Amino acid sequence: MTYSVWRIAREALRGNSGWQPAWRDQAPKPRYDVIVVGGGGHGLATAHYLAKLHGIANVAVLEKGWIGSGNAGRNTTIIRSNYLLPGNEVFYEHSMKLWEGLEQDLNFNTMVSQRGVLNLFHSDAERDAAARRGNSMRLHGADGELLDAAQVRTMVPLLDFDNARFPITGGLMQRRGGTARHDAVVWGYARAADRRGVDIIQNCEVTGIRVEGGRVRGVETTRGYIGAGKVGLACAGNTSRVAAMAGLRLPIESHVLQAFVSEAIKPLVDTVITFGAGHFYISQSDKGSLVFGGDIDGYNSYAQRGSLPIVEDVAEACVALLPCTGRLRMLRSWGGIMDMSMDGSPIIDRTSVEGLYLNAGWCYGGFKATPASGWCFAHTIAHDEAHALNAAMRLDRFATGALIDEKGAGAQPNLH
Amino acid sequence: MRIPCPHCGERGNDEFLYRGAAGLPRPPADATEAQWHDYVYLRDNPYGSHRELWQHVHGCRRWLVVTRDTRTHVIAAVTDVSMALS
Ligand SMILES: Cc1cc2nc3c(=O)[nH]c(=O)nc-3n(C[C@H](O)[C@H](O)[C@H](O)COP(=O)(O)OP(=O)(O)OC[C@H]3O[C@@H](n4cnc5c(N)ncnc54)[C@H](O)[C@@H]3O)c2cc1C
Ligand SMILES: [Zn+2]
């Protein structure tokens with residue numbers, strides 16, 4: 001069923017009796033050409049592009065809970081392509097272009113909102129770094145604009161511009177950046193993949209990976225053994241656990257990241273703002289809640305909840321940047337498990353096991369990557385080699401030294 | 001999360017600095033690049049009990065080996081590094 005304004009009108013007249021489930025509830029078949037483990041945004045996008053661009057539709061996405069129950073449904077929904085390093089920026093700009101056409105491609109309203117992403121700076125040195133990054137973005141075909149304090153003031157007048165310690169001296173603006181509705185991205189990819197014949201199998205946890213003679217044969221699951229020609233892992237925070245089933249030890253630590261929403265208020269922030277003097281970012285949802293977050297907690301965790309020092313730290317940054325939020329009540333907080341890679345950049349690659357592919361290391365920035373991640377992972381699985389866009393995102397870069405060290409934080413996941 | 005420091009008593013985790021898995025065997029100086037790669041970059045990243053290094057930077061400044069469950073954050077044991085790794 002194609003969604004359209006005509007369909008809505010028709011269903012309105014028919015008492016909404018004609019809507020069907022957006023995807024089928026499938027029982028696993030004995031064998032698939034490709035099994036994708038993990039029904040987050042990346043796994044579902046991979047299945048969609050495998051079917052759409054590579055003609056491989058005998059695909060199952062296996063999800064241990066419900067689709068979108070992991071980070072895809074827990075993130076703060078910021079999308080942007082404002083990276084510095086060549087290995088990253090081409091990839092994220094490709095993702096931005098896919099976001100721009102996603103609703104037409106999926107026939108689903110993913111609520112992509114190009115409200116802009118504004119990275120504030122507070123010193124001359126930070127301004128220089130922002131200018132350098134902006135130049136790199138523009139050289140890669142993305143948009144970037146250096147704003148002075150007066151220009152920022154016209155956009156967001158309630159920021160604490162004249163803060164004694166961290167005055168706001170300007171910002172790097174990417175107007176094409178913004179937000180998208182995270183759940184809708186999951187549902188849109190699931191529905192589009194399903195319509196091309198992909199089986200989306202929920203409540204199906206992978207408990208083992210069968211490898212014979214160095215080649216993957218299938219997966220053990222809570223719903224029985226399923227054979228596969230190829231297996232792609234897109235398990236985000238649980239990547240190390242699942243990869244260990246095939247004997248792989250990875251350059252990844254799992255850490256918890258928290259996010260917060262306030263009670264709903266009238267429009268205050270009509271863009272996405274990041275604080276340059278601390279790790280803090282904020283936007284406002286369509287319901288009126290401020291949506292914000294900051295640093296990871298900084299220790300290994302699979303608990304999907306963090307501890308109080310980060311709550312305090314994020315709240316302090318919020319009030320430092322927007323003093324008018326001081327009396328606002330925090331409504332909810334939650335946590336998700338980040339697959340923190342050792343250099344802070346992702347991995348989309350083959351592995352030492354033939355037919356087993358890895359998509360991981362997204363840290364706290366993988367939502368914006370969802371379209372390009374699925375696009376590149378599908379290519380890598382279908383052709384058994386990386387596309388030029390993910391050529392730098394290799395698993396062996398930690399051995400060869402070709403790191404993508406975007407933040408210069410080295411091999412310390414808790415510093416990225 | 002609160003960590004019971006053997007020297008200072010139970011303190012909030014923001015008094016401590018985290019340094020990841022404890023007891024990774026440091027390769028000898030003449031080890032191969034592959035051994036150094038494994039040591040610097042690869043981690044078990046367990047789902048469950050994890051032995052890890054924390055430094056009590058805002059207290060006694062001692063390095064501690066904490067055994068903590070990564071699923072629940074419940075701490076099973078804390079030892080001064082001189083006792084734990086000797
Ligand atoms: C609080 C928070 C804020 C964030 N903010 C942003 C942001 O603003 N912008 C941005 O770009 N990124 C952000 N991120 C990061 C982003 O959400 C993730 O990098 C991205 O969602 C990861 O890809 P995914 O959607 O495929 O992951 P997930 O949705 O986590 O998908 C992985 C799936 O694998 C499943 N799985 C795991 N093990 C198994 C198994 N054994 N068998 C079957 N299934 C399994 C899990 O249940 C899960 O559904 C944020 C993350 C968090 C937690
Ligand atoms: Zn102490």
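The rules behind the values
Numbering of residues starts from 1 in each chain and follows the order in which that chain's sequence is written. Each chain takes a letter, starting from A, and each ligand takes a number, starting from 1, following the order in which they are written. At least 70 in pLDDT is required for a residue's local features to be given in this predicted model, at least 80 for side-chain atom pairs to be given and counted, and no such filter applies to totals for whole chains, interfaces and linings, which use all residues. Think of the side-chain values as coming from all heavy atoms in the structure, minus any hydrogens and water. Each helix is a run of DSSP H or I of at least 4 residues and each strand a run of E of at least 2, with the numbering of both proceeding from the N terminus. Exposure classes here rest on a 1.4 Å probe applied to the protein chains alone. A residue is buried below 20% of its type maximum, exposed above 50%, and partly exposed in between. In what follows, a contact means two residues having at least one pair of non-hydrogen atoms within 4.5 Å. In this description, accessible areas are obtained by the Shrake-Rupley approach with a 1.4 Å probe, and a residue is regarded as covered only by the protein chains that are shown. Donor atoms: N, O and S within 2.8 Å of the metal, or within 3.2 Å for Na, K and Ca. Because water is excluded, sites can look incomplete. Angular criteria define each label, namely tetrahedral for four donors with all angles between 85 and 135 degrees, square planar for four and octahedral for six donors with opposite donors over 155 degrees apart and remaining angles between 65 and 115, and irregular for whatever fails these tests. A molecule or strand has a residue near it when one of that residue's heavy atoms lies within 4 Å. In the analysis that follows, any N or O atom pair within 3.5 Å is treated as a polar contact, provided that within protein one partner can donate a hydrogen and the other can accept it, and provided that, for residues neighboring in sequence, both atoms belong to side chains. In this count, Pro and Cys sit with the nonpolar residues alongside Ala, Val, Leu, Ile, Met, Phe, Trp and Tyr, while Asp, Glu, Lys and Arg are called charged and the others, Gly among them, polar. Counted as positive: Lys and Arg. Counted as negative: Asp and Glu, with His and the chain ends omitted from the count. When a carboxyl oxygen of Asp or Glu lies within 4 Å of a side-chain nitrogen of Lys or Arg, that pair is called a salt bridge. Fitting a line to C-alpha atoms yields each axis, with helices limited to the stretch in contact; the angle taken between N-to-C directions then spans 0 to 180 degrees. An angle counts as roughly parallel when it lies under 35 degrees, as roughly antiparallel when it exceeds 145, as roughly perpendicular when it falls between 65 and 115, and as oblique in every other case. We define buried area as the total accessible area lost by two parts upon association, computed with a 1.4 Å probe and summed across both. Strand pairing is assigned whenever DSSP detects at least two bridges linking the two strands. What makes a patch is a set of residues exposed beyond 30% relative accessible area and free of salt bridges, joined within 9 Å when like-charged and within 5 Å when nonpolar (Val, Leu, Ile, Met, Phe, Trp, Tyr). Taken as the charge location is NZ of Lys, CZ of Arg, CG of Asp or CD of Glu.

Some remarks on the overall build of chain B
On a plain count of helices and strands, chain B comes out with two helices and six strands. Its C-alpha atoms give chain B principal-axis dimensions of about 40 × 25 × 20 Å. Relative to its full complement of 86 residues, chain B shows a buried share of 37%. The long-range fraction of contacts in chain B, counting pairs at least 24 apart against all pairs at least 6 apart in sequence, stands at 45%.

Some thoughts on the overall build of chain A
Helices and strands together make up the secondary structure of chain A, namely eleven helices and 18 strands. Counting only C-alpha atoms, chain A reaches 65 × 65 × 40 Å along its principal axes. A buried classification covers 55% of the 416 residues belonging to chain A. Considering only contacts in chain A between residues 6 or more positions apart, those separated by 24 or more positions represent 74%. Summed over its atoms, the accessible surface of chain A is roughly 16600 Å², and 52% of this surface lies on carbon and sulfur atoms.

Quick word on the coordination of the zinc ion (ligand 2)
For the zinc ion (ligand 2), every protein donor is listed as Cys-5 of chain B (SG), Cys-8 of chain B (SG), His-56 of chain B (ND1) and Cys-60 of chain B (SG), and the spread of their distances is 2.0 to 2.3 Å. Around the zinc ion (ligand 2), the four donor atoms sit at angles spanning 105 to 120°, and that spread fits a shape best called tetrahedral.

Some thoughts on the site of ligand 1
All names here are of chain A. With respect to spatial proximity, 38 residues lie near ligand 1, and among them Glu-63, Asn-71, Ala-72, Thr-76 and Lys-368 are the closest. Between ligand 1 and Asn-75, the relevant distance is 3.4 Å, taken from an oxygen atom to a side-chain nitrogen or oxygen of the residue. Within the backbone of Ile-78, one N or O atom sits 3.0 Å away from a nitrogen atom of ligand 1. Coverage of ligand 1 by the protein chains reaches 97% of its 1000 Å² of free accessible surface. Breaking the shell around ligand 1 down by element, the ones donating at least two residues are α2 (41–53), β12 (252–264) and β16 (330–341). No other element matches the three residues that β12 contributes to the shell around ligand 1. Across the shell around ligand 1, the residue classes tally to 17 nonpolar, 16 polar and five charged.

So, the side chain of Lys-368 of chain A
Residues and elements named next belong to chain A. With respect to the helices and strands, Lys-368 occurs in the loop between β18 (356–360) and α10 (370–383). Within the buried core, Lys-368 has no salt-bridge partner, and the shortest N-O distance to an opposite charge, that of Glu-89, equals 9.5 Å. Only 2.8 Å separates the side chain of Lys-368 from the side chain of Tyr-83, close enough to count as a polar contact. In terms of polar contacts, Lys-368 uses its side chain to reach the backbone carbonyl oxygen of Gly-365, at 2.8 Å. Residue contacts for Lys-368: discarding those within four places in its chain leaves Ile-78, Ile-79, Arg-80, Tyr-83, Tyr-92, Ser-95 and Trp-99.

Here's the deal with the packing of helix α3 (residues 86–100) of chain A against α10 of chain A
Residue and element names in this part refer to chain A. At a minimum axis distance of 7 Å, the contact between α3 and α10 shows a crossing angle of 110°. One finds that α3 runs roughly perpendicular with respect to α10. Along its contact with α3, which presents Phe-91, His-94, Ser-95, Leu-98 and Trp-99, the element α10 presents Thr-370, Pro-371, Ala-372, Ser-373, Trp-375 and Cys-376.

What about the interface of chain A and chain B?
Each partner contributes to the interface: chain A provides 25 residues, whereas chain B provides 25 residues. Summing both sides of the interface, chain A and chain B together bury roughly 2200 Å²; the carbon and sulfur share of this comes to 51%. The three residues of chain A that bury the most area against chain B are Arg-249, Asn-300 and Tyr-302 of chain A, which together make up 30% of that side's buried surface. Connecting chain A to chain B are two salt bridges. Two residues, Glu-253 of chain A and Arg-43 of chain B, come together in a salt bridge whose shortest N-O distance is 3.6 Å. At the junction of chain A with chain B, the criterion picks out 13 residue pairs in polar contact (both at pLDDT 80 or more). Taken together, the elements giving at least two residues each to the side of chain A that touches chain B come down to α8 (239–244), β12, β15 (289–300) and α11 (397–400) of chain A. In terms of residue count, β12 of chain A provides more of the side of chain A that touches chain B than any other element does, four residues in total. Of the residues that constitute the side of chain A that touches chain B, the class distribution is twelve nonpolar, nine polar and four charged.

Describing the pairing of strand β4 (residues 117–121) of chain A
All names here are of chain A. Most of β4 sits out of view: five of its five residues are buried. Taking every second residue as pointing to the same face, both faces of β4 are buried, with Val-117, Asn-119 and Phe-121 on one and Leu-118 and Leu-120 on the other. Bridge count between β4 and strand β13 (residues 272–275): three bridges; the pairing is parallel. Bridging from a neighbouring strand, Asn-119 pairs with Thr-274 of β13.

Let's talk about a negative patch on the surface
Negative charge collects at one region of the surface, where Asp-295, Glu-312, Asp-313 and Glu-316 of chain A together with Asp-14 of chain B lie side by side. Among the elements that make up the negative patch, the one with the highest residue count is helix α9 (residues 308–321) of chain A (three residues). If you trace the backbone, Asp-295 of chain A turns up in strand β15. You can call Asp-295 of chain A partly exposed: its relative accessible area is 30%.

Here we look at the sheet that holds strand β4 (residues 49–55) of chain B
Residues and elements named next belong to chain B. One open sheet accounts for four strands, arranged β3-β4-β5-β6; its pairing is antiparallel. In this open sheet, the two strands that pair with only one neighbour each are β3 (17–21) and β6 (75–80). For this sheet the average axis-to-axis angle between neighbouring strands, irrespective of direction, equals 25°. In this structure, β4 lies alongside strand β5 (residues 63–69), joined through seven bridges in antiparallel fashion. Across the sheet, the residue bridging to Leu-53 is Val-65, located in β5.

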